[in-house]
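Take a look at the letters that make up each chain.
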Protein chains: 2
Amino acid sequence: MGEAYIIGAGITRFARHEDRTVESLAAEAVVQALRDAGIGWGQVQQLYAAHVKQGVAAGQRVIKQVGPSGIPVLNVENCAAAGSTAVREASLAVRAGEFDLVVVAGFEKMEPGLLSVFPAGDPRVVMGMTVLPMRFALMGAKHMHEFGTTIEQFAQISVKNHEHAVHNPIAQYPKNVSLEQVLASRIICDPITVLQCSPTSDGAAAVVICSEEFLRRSGARRAVRVVASGLTSDSDEQARNVHTLELMERASRRAYERAGVAPEDVDVAETHDCFTVSEVISYEALGLCAKGEGGRLVDERATWIGGRIPVNPSGGLLARGHPLGATGVAQICELVTQLRGEAGPRQVEGARIGLAANTGMWSCCVTLLEKAD
Amino acid sequence: MGEAYIIGAGITRFARHEDRTVESLAAEAVVQALRDAGIGWGQVQQLYAAHVKQGVAAGQRVIKQVGPSGIPVLNVENCAAAGSTAVREASLAVRAGEFDLVVVAGFEKMEPGLLSVFPAGDPRVVMGMTVLPMRFALMGAKHMHEFGTTIEQFAQISVKNHEHAVHNPIAQYPKNVSLEQVLASRIICDPITVLQCSPTSDGAAAVVICSEEFLRRSGARRAVRVVASGLTSDSDEQARNVHTLELMERASRRAYERAGVAPEDVDVAETHDCFTVSEVISYEALGLCAKGEGGRLVDERATWIGGRIPVNPSGGLLARGHPLGATGVAQICELVTQLRGEAGPRQVEGARIGLAANTGMWSCCVTLLEKAD
């Protein structure tokens, strides 16, 4: 099996783009990624389009915005993990020798009701867990009860990610918030306050992925290798387990095994902080600390930029924003920037191995990337 | 790059299943495919779910119906070519060495308005081509004008495919129709009459795909090799070219090249007869005859079972039925049955190489399969 390399990354500003179409956002990210890679649109062999609810053949609509092309398109949907799933599929196709050069674009324009995805009769509906904050509030309460985690430890995640976002030009909320502000903001579902929830965002992100042979031939620099990934899906574990992110645990285990990498080897991570609670528990699911120790990691400021294992230097879903299909690709864009050493004031010094954990209600994909040089 | 083999196939009856959920249809096909392969659900490493409009995380809902499992799911959408696109993705992942054993399920429960997919302002809407029959009627009229093709030649496709469907136990319309009946049936868009349009169908189809290593280890028999596939997407060629199926032409060229197979080597084909016109023109796009000669192939009865190159022995979309996401997988199920020599009264004698051409408004995937023994 061959290797797959990311040689270009592009991302739009994350915001409410009321005056833009989702196709134009996606095209902007694709064009930027191609320019970053120094690649012409004519060289691209396939587009992988990740989104959750942008309608039939959304990827095909995107390529029309970029320019004339008869390239194939694959539309990938996998809840909020669509973006990383598409990067995974694209990397596999390149590694299988099917393509030399492909582009992955994740994009979403959020509409009211976009998250009302539970079918009638679903156990989560029966349990009253019709909206996501409830699930994570329950997880948080359970974690506090079981491990002594505090409300303040959860709230610190929001402080940290907003602090990181200040240095990310595409972030939706690039402004500092204090612990007091986070705690005093409107309660959504105890212990989760509004500043501990990811916002409603529109945006797009794209990466250019090529084969080893193409990399050699093109002489492209600043390449990042897609080392391995793990994908898992729900079969109701999430409704049963309210104190672990089991899908993420299994996906990361698989990725680590495939890559021959241990959690201690990871230099920088982007993880799925749809709520502050989920970031804390993700530390444990990804093996960055032992079970129940997530709160302690916060106290040690280990996951701040400059700490032992910086998490969400981009600002994460909480402060960079969370346009569903775009999120997984955005995480990978951030890691590419970090591993290249091009993150400026939010740079994680000397980062060589990056991990992205992107999860949806029914899926999780964990990706490991490595600086190639 | 390794090889990928289909070792199991399952399909539900195609019909209007008003009393069934789409998840139960899909699960039925999956269980049948696993039983056919002699494989337990616990051995499956990933499910590829192909559908067009069954909502978010439809594949995840399907696995809950089959049985406890934490396997990953990938939802693939690619208009009416979703099914074959998913088989292609699954085969690539197996060939890349990522998986030993995966299942692909294509499924759809059609709802009113499912095909109203054109965004406002689309050139096809402007041209009044808001529904598919208009496009194919135009193509048919142009073909008649340019090459002297007759209304009767188109209508014969419906006669043939219904004749084939009589021997297919899962077909939606397993009954003979005469040329007179086809011609006299209600006109939908001249020259296309209602018996020349594929019906509204619900159903599901599934295949089990494994690696060479798994095949050897398991000792599975009756395997069919996925030789190669070609995928193309629209960037408005379809709106410009009303007398060719350009996407199919390019997809088949790519598949033939990859496989080192010529059109003359194909023993049996399943092609996308959403209308009689599209089957005739697909003969030309697939290189089964020269451009403009599709009508002649009909006159020679070359594409009947027993002819030189039988097309749609299953009854095709016209008579077997056309549940969008299921169709591409159903075509491949039929080829598996044919290449195994298990098609009974509709068997194409001595078939070794099969071709499936599955196309949507914006995508086409052509797959080449070969009997492995």
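Above: the structure in question.
What comes next is a walk through the structure. Keep in mind that this is a model prediction, so the values were computed, not measured. (Residues numbered from 1 in each chain as written. Chains lettered and ligands numbered in written order. Predicted model: local features only at pLDDT ≥ 70, side-chain atom pairs only at ≥ 80, totals over all residues.)

## Topic: the overall build of chain A
On a plain count of helices and strands, chain A comes out with 14 helices and eleven strands. Against the globule reference of 21 Å for 373 residues, chain A gives a C-alpha radius of gyration of 19 Å, in line with a compact fold. Summarising its shape, the C-alpha atoms of chain A cover approximately 55 × 45 × 35 Å along the three principal directions. Here chain A holds 373 residues, and the buried ones make up 63% of them. Here the analysis covers contacts within chain A between residues at least 6 apart in sequence; of these, 78% occur between residues at least 24 apart. (Helix = DSSP H or I, 4+ residues; strand = E, 2+ residues; numbered from the N terminus. Rg over C-alpha atoms; globule rule 2.2 N^0.38 Å. Buried ≥ 20, exposed ≤ 12 C-beta atoms within 10 Å, placed from the backbone. Contact = placed C-beta atoms within 7 Å.)

## Remarks on the relation of the copies chain B and chain A
Two chain copies here: they are related by a rotation about an axis and a translation along the same axis. Rotating chain B by 180 degrees about the axis while translating it 0.0 Å along that axis superimposes it on chain A, leaving an RMSD of 0.0 Å. Taken together, the rotation and translation relating the two chain copies correspond to the operation of a two-fold axis. Minimal C-alpha distance to the rotation axis in chain B is attained by Ala96(B), lying at 2.1 Å. (Least-squares fit on C-alpha atoms with pLDDT ≥ 70 in both.)

## Let's talk about the interface of chain B and chain A
Buried accessible area, meaning the area lost when the parts come together, often serves as the stated size of an interface. With 40 residues of chain B at the contact, the number on the chain A side is 40 residues. A breakdown of the residues in the side of chain B that touches chain A according to their chemical character gives 18 nonpolar, eleven polar and eleven charged. The sheet contact formed by strand β3 (residues 73-77) of chain A and strand β3 (residues 73-77) of chain B spans three bridges and is antiparallel. Residue pairing across strands places Val76(A) opposite Val76(B), the latter belonging to β3(B). (Nonpolar A, V, L, I, M, F, W, Y, C, P; charged D, E, K, R; others polar. Pairing = 2+ DSSP bridges.)

## A word on unusual backbone geometry
All names here are of chain A. A cis geometry characterises the amide bond from aspartate 190 onward to proline 191, with omega recorded as 10 degrees. A positive phi is found at asparagine 312, a non-glycine position, where the angle reads about 55 degrees. Locating asparagine 312 in the fold gives a position in the loop between α12 (294-299) and α13 (316-319). Look at asparagine 312 and you get buried, because 28 C-beta atoms sit within 10 Å.

## Things to note about the nonpolar core
Side chains that are nonpolar tend, in soluble globular proteins, to be buried together. With 269 residues, the main nonpolar core has Val104(A), Ala105(A), Val207(A), Val104(B), Ala105(B), Val207(B) and Val208(B) as its most contacted residues. Contact partners of Val208(B), with chain neighbours within four places excluded, come to Ile6(B), Ile7(B), Gly8(B), Ala33(B), Leu34(B), Ala37(B), Ile39(B), Leu101(B) and Val103(B). (Core = buried A, V, L, I, M, F, W, Y, C linked by C-beta atoms within 7 Å.)

## Regarding the environment of Cys289(A)
All names here are of chain A. One can find cysteine 289 in the loop between α11 (276-285) and α12. For cysteine 289, a count of 21 C-beta atoms within 10 Å gives the class buried. For cysteine 289 and alanine 15, which are 274 residues apart along the polypeptide, the C-alpha to C-alpha distance reads 33 Å. Contact partners of cysteine 289, with chain neighbours within four places excluded, come to Tyr283, Glu284, Gly294, Arg296 and Leu297.

## Description of the packing of helix α3 (residues 82-95) of chain A against helix α14 (residues 324-340) of chain A
Each packed pair of helices is defined by two parameters, the angle between the axes and the distance between the axes. All names here are of chain A. Contact geometry for α3 and α14: axes closest at 5 Å, N-to-C directions at 60 degrees. Considered as vectors, α3 and α14 are oriented oblique to each other. When α3 is examined against α14, the residues Ala82, Gly83, Ser84, Thr85 and Val87 are found in contact with a partner set consisting of Leu324, Gly325, Ala326, Thr327, Gly328, Val329, Gln331 and Ile332. Grouping the amino acids of the contact of α3 with α14 by side-chain chemistry returns six nonpolar, seven polar and no charged. (Axes fitted to C-alpha atoms, helices over the stretch in contact; angles between N-to-C directions. Parallel < 35°, antiparallel > 145°, perpendicular 65-115°, else oblique.)

## Comments concerning the packing of helix α1 (residues 22-37) of chain B against helix α2 (residues 58-66) of chain B
Residues and elements named next belong to chain B. Two elements in contact, α1 and α2, have axes whose closest approach is 8 Å; the angle formed by their N-to-C orientations is 60 degrees. On the basis of the axis angle, α1 is oblique to α2. Where α1 crosses over α2, the two elements pack in a sense that is right-handed. Each of Glu23, Ser24, Ala26, Ala27, Val30 and Val31 in α1 lies in contact with α2, whose residues at this interface are Arg61, Val62, Gln65 and Val66. (Left-handed = near helix turned anticlockwise from the far one by under 90°.)

## Describing the environment of Glu3(A)
Residue and element names in this part refer to chain A. Its location among the elements puts glutamate 3 in the segment before β1 (4-11). It is 32 Å that separates the C-alpha atoms of glutamate 3 and histidine 167, two residues lying 164 residues apart in sequence. Not counting the four nearest positions on each side in its chain, glutamate 3 is found in contact with Arg95, Glu212 and Arg225.

Read these as geometric descriptors, not functional statements.
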